[in-house]
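# Structural description and commentary
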Amino acid sequence: MNIPNDYRPLTGQRAIVTGANTGIGAAVAEALAHAGAKVVINYLSGLDQAETLARRIRGRDGDAIVFEADVSREDQVKAMFRTAVEHWGSVDILVNNAGLQQDAALVDMSLEQWNKVIEVNLTGQFLCAREAAREFLRRGRVPELSRSTGKIICMSSVHDVIPWAGHANYAASKGGVGMLMKTLAQELAVHKIRVNGISPGAIKTPINYEARDTQEEVEALLKLIPYRRIGEPEDVARAAVWLASDESDYVTGATLYVDGGMTLYPGFEGGG
Ligand code: NAI
Ligand code: BGC
């Protein structure tokens, strides 16, 4: 990732990134480490990918551990935070990134599909944010490390504002993440804990590979993106580093849309 080697605004801080073995989470974990943070790479499946990433981070003077946990399971989330605290004394940054899609038309959507997506994408963010806030409050502010007591970044989606036919469970979960994020930001600001969201547009990751199988599908997607390129995980990772750092110290309760202008549609004429 193209960040200058001497830009390390997160030096000494400890981060947990959920769903960090692939896609956006992996890029975020790497970028936070590159910015000086120690990183817990959470994964549910894909131990090999998680370990490869951890080795890469350690090979560049960073520090990383891998931890298997299902973010929708309270006991596993608690164990993950306990492990981070045992290793490094505390946690300063949480990136609530883990998420999935289980797409179906409304009339075909099973209760199981509905519940699964809400449990992982929304309840998972609640469980991790709660543990993070508890740890931030236990530790208190450490001004030498950061002006904030702690930072929470919630990965939402452009579908927190753009309805998405055929994806009711996913859009509802991301709409919920948006309001969860704002409410936590309001509630925790008095403790100098900052909570912000990132809403990516179409980013090249495993979550949507099949949507880009053909050239026609790619072209149809590009028509929805005024900036005319599909995003890379690193586009999101750079935003996460900024939100985790003191550079954004006066920013809380905000959502950063990293979407090449996708949320500006409709009203966009194509432009050429
Ligand atoms: P991805 O499929 O590569 O990453 C999702 C990660 O979450 C995977 O590592 C997966 O194993 C993990 N995960 C799923 N269920 C889990 C659970 N119960 N516990 C722990 N980890 C679990 O896809 P991507 O794109 O990197 O997704 C990351 C986040 O970004 C998701 O929240 C997704 O909704 C969001 N997003 C992605 C966009 C895109 O275009 N790729 C756009 C907008 C939002
Ligand atoms: C979804 C992707 C989709 C993007 C833009 C994301 O939330 O996970 O599959 O490409 O939104 O529609």
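Just so it is clear, the model here is predicted, and its values are computed rather than measured.

Its place among the elements puts Ile 203 in the loop between β6 (193-200) and α6 (215-222). In sequence terms Ile 203 and Leu 243 are 40 residues apart; their C-alpha atoms lie 19 Å from each other. Once residues lying within four places of it in the same chain are set aside, the contact partners of Ile 203 are Ile 24, Asn 208, Arg 212, Ile 230, Gly 231, Glu 232, Pro 233, Val 236 and Val 258.

Moving on, we get to the packing of helix α1 (residues 23-34) against helix α7 (residues 233-244). Viewed as axis vectors pointing N to C, α1 and α7 meet at an angle of 45°, and their least axial separation amounts to 8 Å. What the angle tells us is that α1 and α7 run oblique. Classified by chirality, the crossing of α7 by α1 is right-handed. For the pair formed by α1 and α7, the contact residues are Gly 23, Ile 24, Ala 27, Val 28, Ala 31 and Leu 32 on the first element and Pro 233, Glu 234, Val 236, Ala 237, Ala 240, Val 241 and Ala 244 on the second. In the contact of α1 with α7, the residues fall into 11 nonpolar, 1 polar and 1 charged.

As a matter of local geometry, ligand 1 sits amid 28 residues, with Ile 24, Asn 97, Tyr 170, Gly 201 and Thr 205 nearest to it. Residue Tyr 170 places a side-chain N or O atom 2.6 Å away from an oxygen atom belonging to ligand 1. Relative to its free-state accessible area of 820 Å², ligand 1 is covered by the protein chains to the extent of 92%. A molecule is said to occupy a pocket when more than half its atoms come within 2 Å of that pocket's grid points, and by this definition ligand 1 occupies the largest pocket. Contributing elements (two or more residues each) for the shell around ligand 1: α1 and α5 (168-188). The residue inventory of the shell around ligand 1, partitioned by class, reads 14 nonpolar, 12 polar and 2 charged.

The rules we used
Residues numbered from 1 in each chain as written. Chains lettered and ligands numbered in written order. Predicted model: local features only at pLDDT ≥ 70, side-chain atom pairs only at ≥ 80, totals over all residues. Heavy atoms only, no water. Helix = DSSP H or I, 4+ residues; strand = E, 2+ residues; numbered from the N terminus. Contact = heavy atoms within 4.5 Å. Axes fitted to C-alpha atoms, helices over the stretch in contact; angles between N-to-C directions. Parallel < 35°, antiparallel > 145°, perpendicular 65-115°, else oblique. Left-handed = near helix turned anticlockwise from the far one by under 90°. Nonpolar A, V, L, I, M, F, W, Y, C, P; charged D, E, K, R; others polar. Near = heavy atom within 4 Å. Polar contact = N/O pair within 3.5 Å; in protein donor to acceptor, adjacent residues only side chain to side chain. Areas by Shrake-Rupley, 256 points an atom, 1.4 Å probe, with all protein chains shown as cover. 1 Å grid on protein atoms, 1.4 Å probe; cavity = no way out; pocket = protein on both sides within 12 Å on 5 of 7 lines; lining within 4 Å. Sits in = over half its atoms within 2 Å of the grid points.

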